[in-house]
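Coordinate analysis (summary)
Now for the letters of each chain:
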Amino acid sequence: MSTPLADQPDDDFGRYLTVLPGWREFVAGAISEPTATLTQDEYEALTKEDRYQYDEDRLDHHARLQVVATSTVRHTVTCGRRLIILNRGAISARRGLIVSGPANTGKTIALTQLGLAHELQDRRRHPGQDERIPVIYITVPPAATPRMIAAEFARFLGLPVLRSSNITDLTEAVVGVCTKARTNLILVDEIHNISLHTRTGAEASDTLKYFSERIPATFAYAGIDIEDSGLLSGTRGDQIAARFTSVATHPFPYNKEWKALVAQMEANLLLHQHKPGTLTRLDRFLHTRTGGMIGTLSHQLRGAAVDAILTGSEKITKPGLLAVDLDIASGRKRPGGPSAAAGDQ
């Protein structure tokens, strides 16, 4: 069996994780060989066109989110894979997983790494079966209706979503493909967009529950501060709370793990003049500037690496780090905001 989107050529649309080609590209990128760093002599020997392509490859490398196996990621993958195995024999009331925490603390990273680990494990167990779609990844739109939820599933699978398609048509089509493709893990991001305090939100939650009853898969959610979002309120919320295990994400304290995160990200840099150990000596400065947020740290280092390539400096320095504008939230965490950031120099 093949899906409509599976044979489409690669383009920008296919890069999104919320469509099957994008998800498969994400998996392929995770197992591909990283770009090799040339020596200075090798770099200078390149033709103008080859040098341009080499620099573009390095820019792409730093533009991609370099995943670090944090304790939260490892815990999420362990809990998720345990639930997938336990759910193999479940006929109904399958257990699920919720990754919850403040914004920018690595929830999507943890969720997608669970999906990646499961996809690779499924390929090892079923080699050569390209018709399988073991993982689905969708995001919940703001003010999502039941039809919008069903449409997100359909779009991932490449199924047509027409104005005339009602929710029953979409649901049956999705369930049919998932059953044939042996889908057994469904990742639902931005779940905080569903609130059981509203009728529409309650109906959207019921739609996800219906999918979980029709598709023999483990469901894993991720969202901002789920306990306070309204998803676990009332009778419906009690049902979710009784069936789902929670993994919490949080800002990292300044400790050995933070230092290891900085060191690993520094090891992933592809810069010719960067001196190893520069960033590890700045790990406390980086923690102060980012508030211990893994997403902000990643943006900080990748942005500085991109600047280093574009300017030709080929190294990251403290002034180069300060030149990268960070998210508004990171400034709010320090008294005085911008002035506090300037004081870090």
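Reading the values: the criteria
Residues numbered from 1 in each chain as written. Predicted model: local features only at pLDDT ≥ 70, side-chain atom pairs only at ≥ 80, totals over all residues. Heavy atoms only, no water. Buried < 20%, exposed > 50% of the residue type's maximum accessible area, 1.4 Å probe, protein only. Helix = DSSP H or I, 4+ residues; strand = E, 2+ residues; numbered from the N terminus. Pairing = 2+ DSSP bridges. Axes fitted to C-alpha atoms, helices over the stretch in contact; angles between N-to-C directions. Expected span 1.5 Å × (residues − 1). Arc of directions from axis to C-beta. Contact = heavy atoms within 4.5 Å. Polar contact = N/O pair within 3.5 Å; in protein donor to acceptor, adjacent residues only side chain to side chain. Left-handed = near helix turned anticlockwise from the far one by under 90°. Nonpolar A, V, L, I, M, F, W, Y, C, P; charged D, E, K, R; others polar. pLDDT = per-residue confidence, 0-100. Phe/Tyr/Trp six-rings, centres within 6.5 Å; stacked < 30°, edge-to-face > 60°. Lys NZ or Arg CZ within 6 Å of the ring centre and 35° of its normal. Salt bridge = Lys/Arg side-chain N within 4 Å of Asp/Glu carboxyl O.

Here we come to the pairing of strand β1 (residues 96-101). Of all the six residues making up β1, six are buried; the element is thus mostly covered by neighbouring parts of the structure. Here β1 shows two buried faces, one formed by G96, I98 and S100 and the other by L97, V99 and G101. The sheet contact formed by β1 and strand β5 (residues 244-248) spans five bridges and is parallel. Bridging across to β5, V99 finds its partner in V247.

Most peptide bonds take the trans configuration, and most residues that are not glycine carry a negative phi. Even without being glycine, N104 reaches a positive phi, approximately 70°. Despite not being glycine, R182 has its phi angle at roughly 60°, a positive value. Take R182: it is sitting in the loop between α7 (167-180) and β3 (185-189).

What follows concerns the sheet that holds β1. In space, the five strands of this open sheet follow the order β2-β3-β4-β1-β5, with parallel pairing throughout. Of all the strands in the sheet, the pair left with one neighbour each is β2 (135-139) and β5. On average, each strand axis in the sheet is inclined to that of its neighbour by 15°, with strand direction left out of account. Across five bridges, the pairing between β2 and β3 is parallel.

The next point concerns α7. Compared with an ideal rise of 1.5 Å per residue, which puts 14 residues at 20 Å, α7 spans 20 Å between its outermost C-alpha atoms and is within 8% of the ideal. Every buried residue of α7 is accounted for by L170, T171, V174, V175, V177 and C178. For α7, the arc enclosing every buried residue in end-on projection is 165°, short of the 170-degree limit, so these residues lie on one face. Along its buried surface, α7 packs onto β2, α6 (146-157) and α8 (199-214). Among the residues of α7, the N-terminal cap falls to N166, whose side-chain oxygen and the backbone nitrogen of T168 are separated by 3.0 Å.

So, about the packing of α8 against helix α9 (residues 234-243). Contact geometry for α8 and α9: axes closest at 11 Å, N-to-C directions at 35°. By crossing handedness, the relation of α8 to α9 is classed as left-handed. Along its contact with α8, which presents A202, S205, D206 and K209, the element α9 presents R236, Q239, I240 and R243. Each residue belonging to the contact of α8 with α9 can be placed in one class, and the counts come to two nonpolar, two polar and four charged.

A separate point is the confidence of the model for the chain. Per-residue confidence for the chain gives a mean pLDDT of 88; residues scoring 70 or more make up 91%. In the model, residues 334-345 has pLDDT below 50 throughout and makes 14 contacts with residues more than four positions away in sequence or in other chains.

Right, let's get into the packing of aromatic side chains. A full pass over the atoms with the stated rule returns five aromatic pairs. Consider the rings of W23 and Y137, whose centres lie 6.3 Å apart with planes at 15°: the pair is stacked. Residue W23 is found in helix α1 (residues 20-31), and its partner Y137 is found in strand β2; the two are separated by 114 residues along the sequence. Judged by its relative accessible area of 0%, W23 falls in the buried class. Taking relative accessible area as the criterion, Y137 reaches 5% and is therefore assigned buried. Through pairs of rings, three or more aromatic residues link up here, namely W23, F26 and Y137. A cation over a ring is seen here: K318 above F285, with NZ or CZ 4.9 Å from the ring centre.

Here the focus is the pattern of salt bridges. Counted by the stated rule, this structure contains nine salt bridges. A salt bridge links E314 to R58; the nearest nitrogen and oxygen atoms lie 2.8 Å apart. On the criterion of sequence distance, the pair formed by E314 in the loop between α12 (294-311) and α13 (318-322) and R58 in helix α3 (residues 48-63) is long-range, its members being 256 residues apart. The exposure class assigned to E314 is buried, which follows from its relative accessible area of 7%. Its salt-bridge partner being R236, residue D206 comes within 2.9 Å of it at the nearest N-O pair. Here D206, found in helix α8, pairs with R236, found in helix α9; they are 30 residues apart in sequence, far enough to count as distant. The exposure class assigned to D206 is partly exposed, which follows from its relative accessible area of 31%.

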